[in-house]
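Chains, contacts and geometry: an overview
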Amino acid sequence: MGPALPEIVIPRENAVFRLDARGRWCNRHGMFRNRRICDHFHAAIRRDAAGYHLRQELPDRVEKVYFPYEDTALFVVQVALGDPVELTLNTRRRVALDPAFLFVRGESLYLTLEGERVKFTERATLKLAEAMEFTPEGYAIRTGERVHPIPELPDEATACGR
């Protein structure tokens, strides 16, 4: 193993891009339109003690750009219904859904995953809605014969880049 590569760190306040509340990358000119760049950015998301950043290893250095985000940096972007329901995150990570960790806040569906808040995109919410129902107590999801209530939590103020 060779010597450690130098690390270039760009602090959040110097980042020229951000992640909006719907999981879209934006800069001062608006939303990014190039799908490949967006996918690359999502796949590069990492977290350390200082927060979420994009990490890129280059031949001569490692770059870490901490970025501001609205609400959360993690999103469910695909849902595969089955037993179990499989979720794909914006980081490309795949996880099985544990309905006990779902919750609704405001107009959005979320999941708590390893202590992190993950927001469902509109498309992922619509797909999961195929397994959901509305009961007198509120939203619920059906897995097999079980119906799991989805708690509705009060809105909270979210600071960009928490």
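Refer to the structure presented above.
Here is a short report on the structure shown in this document.

Parameters at a glance
Residues numbered from 1 in each chain as written. Predicted model: local features only at pLDDT ≥ 70, side-chain atom pairs only at ≥ 80, totals over all residues. Heavy atoms only, no water. Helix = DSSP H or I, 4+ residues; strand = E, 2+ residues; numbered from the N terminus. Buried < 20%, exposed > 50% of the residue type's maximum accessible area, 1.4 Å probe, protein only. Contact = heavy atoms within 4.5 Å. Areas by Shrake-Rupley, 256 points an atom, 1.4 Å probe, with all protein chains shown as cover. Lys, Arg positive; Asp, Glu negative; His and termini not counted. Charge placed at Lys NZ, Arg CZ, Asp CG, Glu CD. Pairing = 2+ DSSP bridges. Phe/Tyr/Trp six-rings, centres within 6.5 Å; stacked < 30°, edge-to-face > 60°. Lys NZ or Arg CZ within 6 Å of the ring centre and 35° of its normal. Core = buried A, V, L, I, M, F, W, Y, C linked by side-chain atoms within 4.5 Å. Axes fitted to C-alpha atoms, helices over the stretch in contact; angles between N-to-C directions.

Check the secondary structure of the protein chain and you find 2 helices and 17 strands. Projected onto the principal axes, the alpha-carbon positions of the protein chain cover approximately 55 × 35 × 30 Å. Per-residue burial for the protein chain yields a buried fraction of 40% across its 162 residues. The contacts in the protein chain between residues at least 6 apart in sequence include a share of 48% that link residues at least 24 apart. Surface exposure of the protein chain reaches about 10200 Å², of which carbon and sulfur atoms provide 51%. When the 24 basic and 24 acidic side-chain charges of the protein chain are each reduced to a single mean position, those positions are 6 Å apart.

Our next topic: the pairing of strand β11 (residues 102–105). Side chains Leu-102 and Val-104 project from β11 onto one buried face, and the interleaved Phe-103 and Arg-105 project onto a second face that is buried too. Taking the residues between adjacent antiparallel strands as the criterion, β11 and strand β12 (residues 108–113) are bridged by 2 residues, where Gly-106 takes a positive phi near 65°. Sheet analysis places β11 next to strand β17 (residues 152–153), joined by 2 bridges and oriented parallel. Within β17, the position partnered with Arg-105 by the bridge is Leu-153.

In the structure shown here, the tally under the stated rule is 9 aromatic pairs. Centroid distance Tyr-52 to Tyr-69: 5.6 Å. Interplanar angle 85°. Geometry classified as edge-to-face. Here the residue Tyr-52 occupies a position in strand β6 (residues 51–58), and Tyr-69 occupies one in the loop between β7 (61–66) and β8 (74–80), the gap between them amounting to 17 residues. The residues Tyr-52 and Tyr-69 share a single accessibility class, namely buried. Cluster of aromatic residues (ring-pair linked, three or more members): Phe-17, Trp-25, Phe-32, Phe-41, Tyr-52, Phe-67 and Tyr-69. One residue, Arg-47, lies across the ring of Tyr-52, its end atom 5.2 Å from the ring centre.

Grouped together as the largest cluster of nonpolar side chains are 36 residues, with contacts concentrated most on Trp-25, Phe-67, Leu-87, Leu-102, Phe-120 and Leu-128. Within the residue set of this core, elements represented by two or more residues are α1 (35–43), β6, β8, β9 (86–89), β11, β12, β13 (116–120) and α2 (122–128). When residues in this core are grouped by element, the largest group, 4 residues, is from β8.

Bringing the pairing of β13 into the picture now. The side chains of a regular strand alternate, residue by residue, between the two faces of the sheet. Most of β13 sits inside the fold, with 4 of its 5 residues counted as buried. Where β8 lies against β13, 3 bridges are found, and the strand directions are parallel. Residue pairing in the sheet places Val-76 in a bridge with Phe-120 of β13. Sheet topology note: the β12/β13 ladder contains 4 bridges and is antiparallel. Bridge pairing in β13 links Tyr-110 to Lys-119. Taken together, β12 and the strand that follows it, β13, pair antiparallel across an intervening segment of 2 residues, in which Glu-114 is found at a positive phi of about 50°.

Our focus in this paragraph is the environment of Leu-97. The residue Leu-97 is located in the loop between β10 (94–96) and β11 in this model. Sequence separation between Leu-97 and Leu-111 is 14 residues; the distance between their C-alpha atoms is 8.7 Å. Sequence-distant contacts of Leu-97, that is, excluding residues within four places in its chain, are made with Val-85, Leu-87, Leu-102, Leu-111, Leu-128 and Ile-141.

This brings us to the sheet that holds β6. With respect to topology, 4 strands assemble into an open sheet ordered β1-β7-β6-β5, the strand pairing being mixed. Two strands close off the open sheet at either side, each with one partner strand: β1 (7–10) and β5 (45–48). Neighbour-to-neighbour, the strand axes of this sheet turn through a mean angle of 35°, independent of strand direction. In this sheet, β6 lies alongside β5 in antiparallel orientation, the contact comprising 4 bridges. Across the sheet, residue Arg-46 finds its bridge partner in β6, namely His-53. Most of the contacts of α1 go to β5, to which it runs at about 25°, and overall it touches β5 and β6.

Taken by themselves, the reported measurements are silent on function.
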